[in-house]
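# Fold and contact review
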Number of protein chains: 2
Amino acid sequence: MDNTTLVGMLAAVCTTAAFVPQVLQILKSGNVDGISVAMYSTFTFGVTMWLIYGIILQDLPMFLANLVTFLLSSSVLILTLRKRWQNRRAPKGVIPHV
Amino acid sequence: MDNTTLVGMLAAVCTTAAFVPQVLQILKSGNVDGISVAMYSTFTFGVTMWLIYGIILQDLPMFLANLVTFLLSSSVLILTLRKRWQNRRAPKGVIPHV
């Protein structure tokens, strides 16, 4: 593998794998306070467009890389929305019915 | 512009512009609690690799798109680190020296 391909591969792996610690942090801490729903909505939509672009061009590596990114960014989005919804139902200081 | 190019452009614009609401949310609320530093460190490094890849391939659109993404993701990283550092210096319930 030449150096150019190596840089491209490293770039693709990092910008995809970057979302793993974010997903893990939410699952571990349950804290989504600072996370922007607008960011993850726009990003997940954009990655869906990259997926479609990969399908049109029949580019398997592009499709697979964006499929992983889609799964991760949509996980952040869904986890954030679920947590916000739970917090809205049980605001701070109010003990929810059990 | 054909439909394929349109899908690709839309994908690039969305995955880049997505970081704008995250930067604005931090600037407005000052809350970075749920944001993963590991995510933004890895992502910013990955985007730097895409920038280098764009330079090697002499691909101006790739370079410019990743330059914007780099500025935005590094802003999230710097703002998050600064806020965490401020919070560490003045923990909750402790009045800092003025």
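The sections below set out a description of the structure shown in this document. (Residues numbered from 1 in each chain as written. Chains lettered and ligands numbered in written order. Predicted model: local features only at pLDDT ≥ 70, side-chain atom pairs only at ≥ 80, totals over all residues. Heavy atoms only, no water.)

As a further point, take the packing of helix α3 (residues 37-56) of chain A against helix α3 (residues 37-56) of chain B. Here α3(A) crosses α3(B) at 40 degrees, and the two axes come no closer than 16 Å. By the criterion of interaxial angle, the relationship of α3(A) to α3(B) is oblique. Pair α3(A) / α3(B) crosses with left-handed handedness. Here Met39(A), Tyr40(A) and Phe43(A) of α3(A) come into contact with α3(B), specifically with Met39(B), Tyr40(B) and Phe43(B). Looking at the contact of α3(A) with α3(B) residue by residue, the classes come out as six nonpolar, no polar and no charged. (Axes fitted to C-alpha atoms, helices over the stretch in contact; angles between N-to-C directions. Helix = DSSP H or I, 4+ residues; strand = E, 2+ residues; numbered from the N terminus. Parallel < 35°, antiparallel > 145°, perpendicular 65-115°, else oblique. Left-handed = near helix turned anticlockwise from the far one by under 90°. Contact = heavy atoms within 4.5 Å. Nonpolar A, V, L, I, M, F, W, Y, C, P; charged D, E, K, R; others polar.)

Scanning the model with the defined rule gives nine aromatic pairs over all chains in all. Taking 6.4 Å as the distance between ring centres and 70 degrees as the angle between the ring planes, the aromatic pair formed by Phe43(A) and Phe43(B) counts as edge-to-face. Of this pair, Phe43(A) sits in helix α3 while Phe43(B) is found in helix α3, placing the two residues in two different chains. With respect to class, Phe43(A) is no different from Phe43(B); both count as buried. Consider the rings of Trp50(B) and Tyr53(B), whose centres lie 5.6 Å apart with planes at 70 degrees: the pair is edge-to-face. Taken together, the residues span about one helical turn, with Trp50(B) and Tyr53(B) both in helix α3 at a distance of three residues. Feature note: the residues Phe19(A), Tyr40(A), Phe43(A), Phe19(B), Tyr40(B) and Phe43(B) constitute an aromatic cluster, connected by ring pairs. (Phe/Tyr/Trp six-rings, centres within 6.5 Å; stacked < 30°, edge-to-face > 60°. Buried < 20%, exposed > 50% of the residue type's maximum accessible area, 1.4 Å probe, protein only.)

The two copies are related by a screw motion: chain B maps onto chain A through a turn of 180 degrees and a shift of 0.0 Å along the axis, at an RMSD of 0.0 Å. What we have between these two chains is a two-fold relation. For chain B, the minimum C-alpha distance to the rotation axis belongs to Gly34(B) and amounts to 2.6 Å. The fraction of interface residues of chain B whose copies in chain A are also interface residues reaches 100%, indicating that both copies meet through the same surface. (Least-squares fit on C-alpha atoms with pLDDT ≥ 70 in both.)

Further remarks concern the side chain of Thr16(B). Residue and element names in this part refer to chain B. Residue position: Thr16 is located in helix α1 (residues 3-17). Residue Thr16 is classed as buried on the basis of its relative accessible area of 13%. Setting aside chain neighbours within four positions, we find Thr16 in contact with Ala65, Val68, Thr69 and Leu72.

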